[in-house]
Amino acid sequence: MMDRLDVTVEDLKEAILENIKNQFRKTIDQASKEQIFQALAFAVRDIIIDQWIETHKTYDEVDPKTVYYLSMEFLMGRALGNSIINMKVDKVVKEVCEELSIDLNAIEDMEPDPGLGNGGLGRLAACFLDSLSTLEFPAYGCGIRYRYGIFEQKIIDGYQVERPDEWLKNGNPFEVRRDEYGVEVRFFGDVRVLKTPNGRDKFIQENYQSVKAVPYDIPIVGYDNNTVNTLRLWDAEALVKFDLESFDRGEYHKAVEQENLAKSIVEVLYPNDNHYRGKELRLKQQYFFVSATVQQVINKFKQKHADIHELPDKVAFHINDTHPSLTIPELMRILLDEEELEWEEAWDITTKTCAYTNHTIMSEALEKWPIELLSRLLPRIYMIIEEINRRFCLSLVNEFHLDKEQIDKMSIIMNGQIKMAFMCIVGSHCVNGVAVLHTEILKKEELKEFYNIYPGKFNNKTNGITQRRFLLEANPKLADFITDLIGDEWITSLTHIKKLDQYVDDEQEQKEFMKIKYDNKVRLGKYIKKHNNIEVDPRSIFDVQIKRLHEYKRQLMNILHVMYLYNKLLENPDLDMIPRTFIFGAKAAPGYTRAKLIIKLINNVADRINNDTNIKNKIKVVFIENYNVSNAEIIIAAADVSEQISTASKEASGTGNMKLMLNGAITIGTMDGANIEIVEEVGEENCFIFGMTSEEVINLQHENSYNPWDIYNNNEDIRKVVTQLINGFYAPDDPDLFREIYDSLLDGYGGRPDPYFILKDFDSYKEAHKKIDATYANQRKWAKMAMLNTANSGKFSSDRTILQYANEIWKLKKTEVIMEK
Ligand SMILES: *Cc1c(COP(=O)(O)O)cnc(C)c1O
């Protein structure tokens, strides 16, 4: 890097020592690890800040089109280590730490993991920001500065217990409050319609409550360039402070109301993943950050441009799932009521500016807000949605010649509810799915009526992950191994990793690859010893399922298979099998009773098996508490086997599958989501594929002919395992503890058989596991397969995904930032 302002060991050392002195009145020997973290973080932030300023100076001069990626969730993971790596100051930092006798890993562990997201959707947003900065695209992430992120999971007596995530307790060294960009956001009240002299209606919201939205900016450092984009998280404050004046005017009540509204809006992230619940506070959150973002973007646009019609040339709003869908009517509101445009021109600008990503086809996840709630909370926004729908339905008649029944199916407003996905499709110029299969199901099944009338809007953007965090940072040994063999181009252009292909048959490199995996397994083993007090053997196969706990992801099938293996070992303790360590990590939504019971089952099975000396340590089961980005980085580097076993058609894409493949774990999986594309890249012979296809699942659902009892009655292994759920084998004190799970497998929900087809897929899952065992016995074969997985993961970089979004949806231009010396 030519232009980088060089950071010397001396400068950084001095900065850290100064920070410790000035902030804590201490010397380095007296400082706590937390204080050293703070001092180092502020020193690193000071290095970032010049590039951050320069980036925005460049944007100010060039005035490029900019994407605003609106998302309720950003699952960022820790910033310190990632910033150090992306700034390429890792060597300097290491040297400084050595000179000061600082244990860098221990210091990095002091940083709370900013968990402002649930799972894949939030992590995708975080990977996208990393890629946007690395590829030098002008971008903002826009979200909410939740006081409490995703809960901290404790396992107590085998049960999940939730604790609040106080991630801001010690402040956040990476954020900057930007009071000057504060805007007002209004809720409730009535809309009065005024006739103006020119005959135009004027809409005035009255008797509303409002809050002040104040942004906190967090730097997003590009890799080895000068680009530092911004994650802008909105905080809420009372607009009217408790001042004497307002008391005097009898506005005490109003002041308290605003204070409460502000506090409650940004209090906590909703912990549901792929599941919608129509809570008023959630809708407030959505409108709060959407309105703040749109208002502020328009204000900024108008400082430079006189003609609002040019908005789509300079601004792209991206709607990450329907959570920020109010972007569409909010932009319409500003264009109509404040810019005083005609409906048609406002609509043209809005649809050209907005694009929407669909993340799921599961009906329980589709957002539908009751009219009663939305029209009360956001009266003017509701009027606009009604008008959007009125005109849309009219077009269905006049342009597309549909009949009443067809229109009722597609209407945005129906049966007292507003269907947010429909509004997003109508109000955006572009709608994308997140993997090929998912997009095809959207077009042919879930959204086919919309695809028929707007075929050009629909397209696919297969998800990706950033190799900077999930290989370079998470697995430094493998990263060095790869760079030594093929150079470091893979860091910014992952398709280059394909060059590893030429080494997959090389015995020496195979051994080295397996040695690195072994070392990473030792590292994870230490983590497990410390957190679970379980000894695991790094020579055993590390079989990993890490993801949110959801019935469709089928952690239950995994643990039933473990129970089956254990039964086999009890029958024959000398059974010829390679020792296996089954590792789980998963948070369940606090209200998702069945998911929480599955966690309890996994832990009870773990307890029994781990403490049974008869089976000679052939199986260990580990449930890693509080799965998050930081421990994901450790687990992924150590995985041999990647469990991607969702019921086909249910997982839109998955990204955990990609992180594990990149790190040389071999997938055992169904033909679902991006697994299909993984198989396409690496070859089916280098994965363990099993189970029904999505077509078979969808057909079986339509036929309604699945009968799990037939399988139960005819398959002794399955019967034994399923019976153990209710005979006290894993819950001697309460044999009925797991009866609900037993019922779910056999009788399903309300008489409908298990929609996840666990028993149906069980046998082929079992066979796939047998193949894993046989393959691992041939270490050279395994090493080759694992290396091929790494070598063929190039497609799954979020850099590729972001390039596609930037070129095909947002029409962004790379904007290089050059530092002035
Ligand atoms: C990648 C990631 C996910 C998504 O995992 P899937 O297997 O795709 O569901 C969830 N949580 C965390 C912490 C992640 O890093």
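A quick note: this is a predicted structure, and the numbers were derived from the prediction, not measured.

In this section: the site of the ligand. Close to the ligand lie Gly119, Gly120, Ile546, Lys547, Lys553, Tyr627, Asn628, Val629, Gly654, Thr655, Gly656 and Lys659. Lys547 places a side-chain nitrogen or oxygen 2.6 Å from an oxygen atom of the ligand. The backbone of Gly656 places a nitrogen or oxygen atom 3.0 Å from an oxygen atom of the ligand. Relative to its free-state accessible area of 390 Å², the ligand is covered by the protein chains to the extent of 96%. Counting atoms within 2 Å of the grid points, the majority share of the ligand lands in the largest cavity.

A word on the nonpolar core. Judged by nonpolar contacts, the single largest core of 127 residues is most densely connected at Trp490 and Ile619. In terms of residue count, the dominant contributor to this core is helix α22 (residues 555-571) (10 residues). Once residues lying within four places of it in the same chain are set aside, the contact partners of Ile619 are Val562, Leu565, Tyr566, Leu569, Met577, Arg580, Phe582, Ile609 and Asn610. Listed in part, the 117 residues of the second largest apolar core include Phe137, Val266, Ile413 and Ile802.

Taking strand neighbours across the sheet as the criterion, the 6 strands line up as β22-β21-β20-β23-β24-β25 in an open arrangement whose pairing is parallel. Edge positions in the sheet fall to β22 (619-624) and β25 (688-689), since each has one partner strand and no second. Helix α21 (residues 507-532) rests against β20 (541-546), β21 (580-585) and β22 of the sheet, and its axis sits at about 70° to β22. Seen against the sheet, helix α24 (residues 629-637) touches β20, β21 and β22 and runs at an angle of roughly 145° to β20.

On to the side chain of Glu551, then. Along the polypeptide, Glu551 turns up in the loop between β20 and α22. The buried category is assigned to Glu551, whose relative accessible area is 9%. The contacts of Glu551, once residues within four sequence positions are left out, are Tyr592, Arg594, Tyr749 and Tyr756.

What counts as what
- In this numbering scheme, every chain counts its residues from 1 along its sequence in written order.
- With the structure being a predicted model, the display of local features is reserved for residues of pLDDT at least 70 and the display and counting of side-chain atom pairs for 80 or more, all residues being used for whole-chain, interface and lining totals.
- Each side-chain value is derived from all of the structure's non-hydrogen atoms; neither hydrogens nor water enter the calculation.
- The near set for a molecule or strand comprises every residue that places at least one heavy atom within 4 Å of it.
- Counted as a polar contact is a pair of N or O atoms within 3.5 Å, where, for protein atoms, one must be capable of donating a hydrogen and the other of accepting one, and residues adjacent in sequence contribute only when both atoms are in side chains.
- In this description, accessible areas are obtained by the Shrake-Rupley approach with a 1.4 Å probe, and a residue is regarded as covered only by the protein chains that are shown.
- Space inside and on the surface of the protein is sampled on a 1 Å grid over the protein atoms alone, with a cavity defined as a set of points where a 1.4 Å probe fits but cannot get out and a pocket as an open set with protein on both sides within 12 Å along at least 5 of 7 lines; lining residues have an atom within 4 Å of a point.
- Grid points define the cavity or pocket, and a molecule sits in it when more than half of its atoms lie within 2 Å of them.
- Side-chain atoms within 4.5 Å are what join buried Ala, Val, Leu, Ile, Met, Phe, Trp, Tyr and Cys residues into a set we call a nonpolar core.
- With a 1.4 Å probe rolled over the protein chains alone, any residue whose accessible area is under 20% of its type maximum counts as buried; one over 50% counts as exposed, and the rest are partly exposed.
- Strands here are runs of E lasting at least two residues and helices are runs of H or I lasting at least four, both read from the DSSP assignment and numbered beginning at the N terminus.
- Contacts are residue-level and defined by heavy atoms, with any inter-residue pair within 4.5 Å sufficient.
- Only strands that DSSP links by at least two bridges are regarded as paired with each other.
- In this description, a line fitted to the C-alpha atoms serves as the axis of each element, helices being fitted only across the stretch in contact, and the angle between N-to-C directions of two axes falls anywhere from 0 to 180 degrees.

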